[in-house]
Amino acid sequence: MALVRRARRINRILAETYPDAHCELDFTNAFQLLVATILSAQTTDKRVNLVTPALFAKYPTAADLAAANPEDVESIIQSTGFFRAKTKSIMGMAQALVERYSGEVPGKLKDLVTLPGVGRKTANVVLGNAFGVPGITVDTHFQRLSRRFGWTTETDPVKIEHEVGALIEKREWTDMSQRLIWHGRRRCHSRRPACGACPVAPLCPSFGEGPTDEKTASKLVRSAAEALDTQ
Ligand code: SF4
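Residues numbered from 1 in each chain as written. Predicted model: local features only at pLDDT ≥ 70, side-chain atom pairs only at ≥ 80, totals over all residues. Heavy atoms only, no water.

### Structural notes on the packing of aromatic side chains
This model, assessed by the stated rule, comprises two aromatic pairs. Aromatic side chains Tyr18 and Trp182 sit 6.4 Å apart centroid to centroid with 70 degrees between the ring planes, which places their arrangement in the edge-to-face category. A residue pair is termed long-range when its members are at least 10 positions apart, and Tyr18 in the loop between α1 (3-17) and α2 (30-39) and Trp182 in helix α11 (residues 173-186) qualify at 164 residues. Across the pair, exposure class does not vary: Tyr18 and Trp182 are buried alike. Ring geometry for Phe149 against Trp151: centres 5.0 Å apart, planes inclined by 55 degrees, an arrangement best described as tilted. Pair check on accessibility: Phe149 and Trp151 agree, each one buried. (Phe/Tyr/Trp six-rings, centres within 6.5 Å; stacked < 30°, edge-to-face > 60°. Helix = DSSP H or I, 4+ residues; strand = E, 2+ residues; numbered from the N terminus. Buried < 20%, exposed > 50% of the residue type's maximum accessible area, 1.4 Å probe, protein only.)

### Quick word on the site of the ligand
The environment of the ligand is made up of 13 residues, and the closest members are Phe149, Cys188, Cys195, Cys198 and Cys204. Taken together, the residues of the shell around the ligand sort by class into 10 nonpolar, two polar and one charged. (Near = heavy atom within 4 Å. Nonpolar A, V, L, I, M, F, W, Y, C, P; charged D, E, K, R; others polar.)

### Considerations on the nonpolar core
Among the nonpolar cores identified, the biggest contains 37 residues, and Val35, Leu55, Leu65 and Met93 are the most heavily contacted of them. Of all the elements in the fold, those that place two or more residues in this core are α2, α3 (45-58), α4 (62-66), α5 (70-77), α6 (83-101) and α8 (120-130). Of the residues forming this core, the biggest block, eight residues, is contributed by α2. Setting aside residues up to four positions removed in sequence, Leu55 forms contacts with Val35, Leu39, Val73, Ile76, Ile77 and Ile90. Counting residues in hydrophobic clusters, the runner-up holds 26 residues, among them Trp151, Ile160, Leu167 and Trp182. (Core = buried A, V, L, I, M, F, W, Y, C linked by side-chain atoms within 4.5 Å. Contact = heavy atoms within 4.5 Å.)

### Examining α6
In this model, α6 (19 residues) spans 25 Å end to end at C-alpha, consistent with the 27 Å of a helix rising 1.5 Å per residue. Backbone geometry just after α6 places Ser102 at a positive phi near 50 degrees. (Expected span 1.5 Å × (residues − 1).)

### As for the pattern of salt bridges
On inspection of all chains with the given rule, the structure shows 12 salt bridges. Between Arg185 and Asp45 there is a salt bridge; the shortest N-O distance is 3.3 Å. Taken together, the residues span a long stretch of sequence, with Arg185 in helix α11 and Asp45 in helix α3 at a distance of 140 residues. Assigned by exposure class, Arg185 and Asp45 land together as buried. We note a salt bridge from Lys46 to Asp229, for which the minimum N-O separation is 3.6 Å. Here Lys46 is found in helix α3, whereas its partner Asp229 is found in the segment after α13 (224-228), with 183 residues between them in sequence. Taking relative accessible area as the criterion, Lys46 reaches 37% and is therefore assigned partly exposed. Given the relative accessible area of 43%, Asp229 is considered partly exposed. (Salt bridge = Lys/Arg side-chain N within 4 Å of Asp/Glu carboxyl O.)

See the structure below:
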């Protein structure tokens, strides 16, 4: 089957399997999502969601966070790990928003990536989930799955983004990214993917990387709660 057709069919199956796939970080606006995404590096969304209510209650705007006491911010976000570097990033980002964008999060990739601590992946998360601008989020799950699906052989995230972007309809990019992340967290694990309990198995060139026996594979499938606790 031609690559584009197979890729779109896999995306459709994942859409049926995970109809409510969404960004699992809690947020109510673009600023909160930007902060939460920076905090999510090297930790789980669940852990980030535990600290952000206190952080946003105390520092609801970019101006508030820009003027915060760094030690206070460090103590609030400590459990997310790398808390000194993350404090520097989120405060530096907030200061840049105040200085350059009147405290508002810009809605363009080219502007977002100029903010401290904000790379292409974070920018695409924010564009897709807070601005409704289609974006491909190439995180560790997306990289692994897009290679397993045979959608790319690249290892560079920007090249992967462009190659997958050429296969999948643009309007699907944000949801498709979330579906791959959900599939990676629930079934297509880095070690021992649950191939025997995978709905895209008939279309996947990597079928067999994990157990193909249904009973064994089913035990590897993670529940929604377990997945939220997975990086
Ligand atoms: S068949 Fe296996 S490798 Fe392919 S997507 Fe499913 S779990 Fe992942």
